[in-house]
Amino acid sequence: MKTKIKIKNDAVISKIDERIYSSFIEHLGRAVYGGIYEPDHETADDMGFRKDVMDLIKELNIPMIRYPGGNFVSGYNWEDGTGEKSKRPRKLELAWNSIETNDVGIDEFQEWAKRVSSDVMMAVNLGTRGADDARNLVEYSNQKTATYYADMRRKNGFEEPFAIKTWCLGNEMDGDWQIGTKRAQEYGRLACETAKLMKMVDPSIELVACGSSGPQMPTFGQWEETVLREAYEHVDYISLHSYYGNPDNNSQEYLGSACIMDGFIKDVVGICDKIKEEKKSDKDIMLSFDEWNVWFHSNEQDKKQEPWQIAPPLLEDMYNLEDAIVVGDLMITLLKNSDRVKIACLAQLVNVIAPIMTVTGGGVWKQTIFYPFKYTSQNGRGQAIKVEIECGTFTEGKAENIPAVDAVAVLSDDENELAVFAVNRLIGEDAELDIDLEGFEGYKLAEHVAMEGEDLKAGNSIDKPDNVTPVTKEINDKVILKGGSWNFLRYKKA
């Protein structure tokens, strides 16, 4: 398949906000306990965090991690995870039918985030709680004043504020599965008043209002409009959540998933701009795609779990090669929309629909999706550049007229490197690229890394951790994207 690609140096989409490479840790399954935290593990540090896990997280170069949920946050009392551990309550955790020991809370998590070179994106409970507790948590986290909650933090051993700058106003409040579900008007008013109080405590923070839990929600669109009409002046972002999967085992249809994400983003941008015009505002609402990933493998397994366990194995999807291709393609889509998508969180980071897996008491290993995230995060910093593509299309199932090839380019801040992230979605047909670098004279292809293989269902495990890994391609006159593959091309300026 002949494919023409043109990359022009004046086709800048946006400066990429590094928070587009963020992730997510929720008190869910083995994400925290047995994941990042295992005080009896041989690699545990002085606070009980697994250093082998920390090392892999550092490879991903993640600037910010959303915490503590997720559905969990809507029934969570943040004070339970502070202060002396022996006095912390053990509670029923209703979102995931588990027992929460509260051995890890904001006190520990913010320190762990520093140790993996990340910031915290903190979510507040707008399910069972509200504006009062949210403003108290901001004071506890961010204030230097000699006042009750700032003094509580000091008493707990943290003299300096945590300086958390990005906050979520609840989680998926439109979902009937959510503790304290709200109607759009109800949530919009609550978000507005909560935002006002939180910014009174710390005017420097940025706030994310809950959008729909996904584009499939019957109130999608109407929810966003209502919430933004109520809270537009007091929030900075609106959230998007969406997961992708292949439950019908139609790999060709599945490889078109990124087009669904792209349409979702553009729909939400249109809604934000409609309300901006209504309000005659000078402010753009940006997008926080703070939950995205592939999630479907573990659905049946999770139905078999007994309730009221501590850290049961939940949402432990085992990913394969086609999942890695889709994840890489979803990242391309986020970068193509980086003029409005400023934050994105791969959900989640360890054990729970995650790129990193652990054995409790044992080893750690990388899932297939680890690799496209790593290469994009490490090399996709700078200016996003639009790529013009002429290629064939395919139609399969619900995926109609899908471009076989998609790509985005990123020019490094020092302009010495041009990274191209490209995917060939068409299974069984290679794409031979005719690449035109307009305005990038002197840039030569220096590296080509691909996620490719004959078996799209192949994955990794603790016993075979390197079964599916990136392939380094030979550099020659032709650039070939194998049928069904994700690719990273590094061009260096001579």
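Residues numbered from 1 in each chain as written. Predicted model: local features only at pLDDT ≥ 70, side-chain atom pairs only at ≥ 80, totals over all residues. Heavy atoms only, no water.

Draft legend 1. How the structure looks around the overall build of the protein chain. Helix and strand counts for the protein chain stand at eleven helices and 23 strands. For the protein chain, whose C-alpha radius of gyration is 22 Å, the value lies close to the compact-globule estimate of 23 Å for 494 residues. The C-alpha extent of the protein chain, read off along each of the three principal axes, is 65 × 60 × 45 Å. Across the 494 residues in the protein chain, those meeting the buried criterion constitute 60%. Pairs at least 24 residues apart make up 77% of the contacts formed inside the protein chain by residues separated by at least 6 positions. (Helix = DSSP H or I, 4+ residues; strand = E, 2+ residues; numbered from the N terminus. Rg over C-alpha atoms; globule rule 2.2 N^0.38 Å. Buried < 20%, exposed > 50% of the residue type's maximum accessible area, 1.4 Å probe, protein only. Contact = heavy atoms within 4.5 Å.)

Draft legend 2. Local environment of helix H5 (residues 184-201). An ideal rise of 1.5 Å per residue puts 26 Å on 18 residues; H5 measures up with 26 Å between its terminal C-alpha atoms. Three or more residues of H5 are buried, namely Ala 184, Tyr 187, Gly 188, Leu 190, Ala 191, Cys 192, Thr 194, Ala 195, Met 198 and Val 201. Looking at the buried side of H5, the elements it contacts are strand E6 (119-124), helix H3 (131-142), strand E7 (166-169), strand E8 (206-209) and helix H6 (222-231). (Expected span 1.5 Å × (residues − 1).)

Draft legend 3. Expanded view of the sheet that holds E8. Strand order in this closed barrel of eight strands is E2-E3-E6-E7-E8-E9-E10-E11, and the pairing throughout is parallel. The mean inter-strand angle of the sheet, taken between neighbouring strand axes irrespective of direction, is 30°. Taken together, the four bridges between strand E3 (residues 64-67) and E6 define a ladder with parallel strand orientation. Its bridge partner lying in E6, Tyr 67 is registered against Met 122. (Pairing = 2+ DSSP bridges. Axes fitted to C-alpha atoms, helices over the stretch in contact; angles between N-to-C directions.)

Draft legend 4. Seen up close, the packing of helix H1 (residues 51-60) against helix H11 (residues 370-379). One can describe the packing of H1 onto H11 by two numbers: an axis separation of 8 Å at closest approach and a directional angle of 55°. Classified by the angle their axes make, H1 and H11 are oblique. Contacts between H1 and H11 involve Leu 56, Glu 59 and Leu 60 from the former and Phe 370, Phe 373, Lys 374, Ser 377 and Gln 378 from the latter. When its residues are assigned to classes, the contact of H1 with H11 shows four nonpolar, two polar and two charged. (Parallel < 35°, antiparallel > 145°, perpendicular 65-115°, else oblique. Nonpolar A, V, L, I, M, F, W, Y, C, P; charged D, E, K, R; others polar.)

Draft legend 5. View of the nonpolar core. Within the largest apolar cluster, 122 residues are counted, with the highest numbers of intra-cluster contacts made by Trp 112, Phe 289 and Trp 292. At ten residues, the largest contribution of residues to this core is made by helix H10 (residues 321-336). Filtering out sequence-adjacent residues up to four positions away, Phe 289 remains in contact with Leu 240, His 241, Ser 242, Tyr 244, Met 261, Phe 264, Ile 265, Leu 334, Val 341, Ile 343, Ala 344 and Cys 345. Formed by 26 residues, the second largest nonpolar core is a distinct cluster that contains Ala 399, Leu 411, Leu 418 and Leu 481. (Core = buried A, V, L, I, M, F, W, Y, C linked by side-chain atoms within 4.5 Å.)

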